[in-house]
Amino acid sequence: MQKPETHIFVCASTRLNGMVKGACENKKSHNLVGMFAEEVMDRDLESEVMVTATGCVGLCEKGPIVMIYPQQIWYGEVTAGDIEEILDAIEEGEVVERLLIS
């Protein structure tokens, strides 16, 4: 696989000790990982966009957290209903203002 243009990281609440707990997991962030990956495949973006679950990023009160790189865009309180809008923004080179963490 070549290096993707965009990498979507979804907090999966995994701690350094391997425990999975926290706001992101309690809000079903693991499901978001699969949903993002499925939508990326549906849009035929696999060569451009990669989706990865991450460990805890420490912003539990804003979870689930989604980070877009290399653009350095951080979104908070992401739900399944936000996935299409986030991918639309990635494709259009825009951001979803209402989800931004400043």
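Per an unreviewed UniProt entry, the protein chain goes by the name (2Fe-2S) ferredoxin and belongs to Methanolobus vulcani.

**Examining the overall build of the protein chain**
Along the backbone of the protein chain there are 3 helices and 4 strands. Secondary structure elements in the protein chain, listed N-terminal to C-terminal, are β-α-α-β-β-β-α. Since a compact globule built from 102 residues should have a radius of gyration of about 13 Å, the 13 Å found for the protein chain is in line with a globular shape. In terms of overall dimensions, the protein chain has C-alpha extents of about 35 × 30 × 20 Å along its principal axes. Within the protein chain, the proportion of its 102 residues that are buried is 39%. Long-range pairs, those at least 24 residues apart, make up 58% of the contacts in the protein chain between residues at least 6 apart in sequence.

**Notes on helix α2 (residues 29-42)**
Between its first and last C-alpha, α2 extends 20 Å over 14 residues, near the 20 Å set by a 1.5 Å rise per residue. All of the buried residues in α2 are Ser29, Leu32, Val33, Phe36, Glu39 and Val40. The buried side chains of α2 occupy one side of the element, clustering within an arc of 140 degrees when seen end-on. Backbone geometry just after α2 places Asp44 at a positive phi near 60 degrees.

**Thoughts on the packing of aromatic side chains**
The full count for this structure, using the stated rule, is 1 aromatic pair. A centroid spacing of 6.1 Å and a plane angle of 75 degrees characterise the contact between Phe9 and Tyr69, whose relative ring orientation is edge-to-face. In this pair, Phe9 is assigned in strand β1 (residues 6-14) and Tyr69 in strand β3 (residues 66-69), connecting sequence segments 60 residues apart. Residue classification places Phe9 among the partly exposed positions, given a relative accessible area of 23%.

**Here we look at helix α3 (residues 83-92)**
The set of residues buried in α3 consists of Ile83, Ile86, Leu87, Ala89 and Ile90. Summarising the axial view, the buried residues of α3 lie within an arc of 155 degrees, below the 170-degree limit, and thus occupy one face. The positive-phi residue at the C-terminal boundary of α3 is Gly93, with phi of around 70 degrees.

**Quick word on the pattern of salt bridges**
If you walk through the whole model with that rule in mind, you get 5 salt bridges. Salt-bridge contacts for Asp88 lead to Arg43; the nearest nitrogen and oxygen are separated by 2.7 Å. Note that Asp88 is positioned in helix α3 and Arg43 in the loop between α2 and β2 (49-55), a separation of 45 residues in sequence. In this structure Asp88 comes out as partly exposed when scored by relative accessible area, which is 32%.

The rules behind the values
- Residues numbered from 1 in each chain as written.
- Predicted model: local features only at pLDDT ≥ 70, side-chain atom pairs only at ≥ 80, totals over all residues.
- Heavy atoms only, no water.
- Helix = DSSP H or I, 4+ residues; strand = E, 2+ residues; numbered from the N terminus.
- Rg over C-alpha atoms; globule rule 2.2 N^0.38 Å.
- Buried < 20%, exposed > 50% of the residue type's maximum accessible area, 1.4 Å probe, protein only.
- Contact = heavy atoms within 4.5 Å.
- Expected span 1.5 Å × (residues − 1).
- Arc of directions from axis to C-beta.
- Phe/Tyr/Trp six-rings, centres within 6.5 Å; stacked < 30°, edge-to-face > 60°.
- Salt bridge = Lys/Arg side-chain N within 4 Å of Asp/Glu carboxyl O.

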